[in-house]
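The residues making up each chain are set out below.
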Amino acid sequence: MPDPSLHGNGFTCPACALQRETDLERTTFGSLKIDCNNCNGTGRIAKTITQIYTESVALAQQHHWRL
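Residues numbered from 1 in each chain as written. Predicted model: local features only at pLDDT ≥ 70, side-chain atom pairs only at ≥ 80, totals over all residues. Heavy atoms only, no water.

Caption draft 1: Here's a closer look at the overall build of the protein. When you go through the protein residue by residue, the secondary structure sums to 2 helices and 2 strands. Secondary structure elements in the protein, listed N-terminal to C-terminal, are β-α-β-α. Of all 67 residues assigned to the protein, the portion counted as buried reaches 18%. Here the analysis covers contacts within the protein between residues at least 6 apart in sequence; of these, 60% occur between residues at least 24 apart. A total of about 5800 Å² of accessible surface is found on the protein, and carbon and sulfur atoms cover 61% of it. (Helix = DSSP H or I, 4+ residues; strand = E, 2+ residues; numbered from the N terminus. Buried < 20%, exposed > 50% of the residue type's maximum accessible area, 1.4 Å probe, protein only. Contact = heavy atoms within 4.5 Å. Areas by Shrake-Rupley, 256 points an atom, 1.4 Å probe, with all protein chains shown as cover.)

Caption draft 2: Spatial organisation of the nonpolar core. Among the nonpolar cores identified, the biggest contains 5 residues, and these are Cys13, Cys16, Cys36, Cys39 and Ile45. If we ignore the near neighbours within four places in the chain, the residues touching Cys13 are Cys36, Asn38, Cys39, Gly43, Arg44 and Ile45. (Core = buried A, V, L, I, M, F, W, Y, C linked by side-chain atoms within 4.5 Å.)

Caption draft 3: Fine view of the side chain of Arg44. With respect to the helices and strands, Arg44 occurs in strand E2 (residues 44-45). From its side chain, Arg44 meets the backbone oxygen of Gly10 in a polar contact 3.3 Å long. (Polar contact = N/O pair within 3.5 Å; in protein donor to acceptor, adjacent residues only side chain to side chain.)

Read these as geometric descriptors, not functional statements.
Set out below in structure tokens:
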């Protein structure tokens, strides 16, 4: 689960960034704020298991398994 307080535990939701651009127009016309379907309103997206393994192996190669 993505947590904004943990470093490197996911990334910001690109759909929320696009949604912020239209928030002013939406509130001007009186409609309600709609939660993002991509991140369920959290603003963060978790990394996939493949991304986590790839980053872990790259860091291990860099710091522990130097050739």
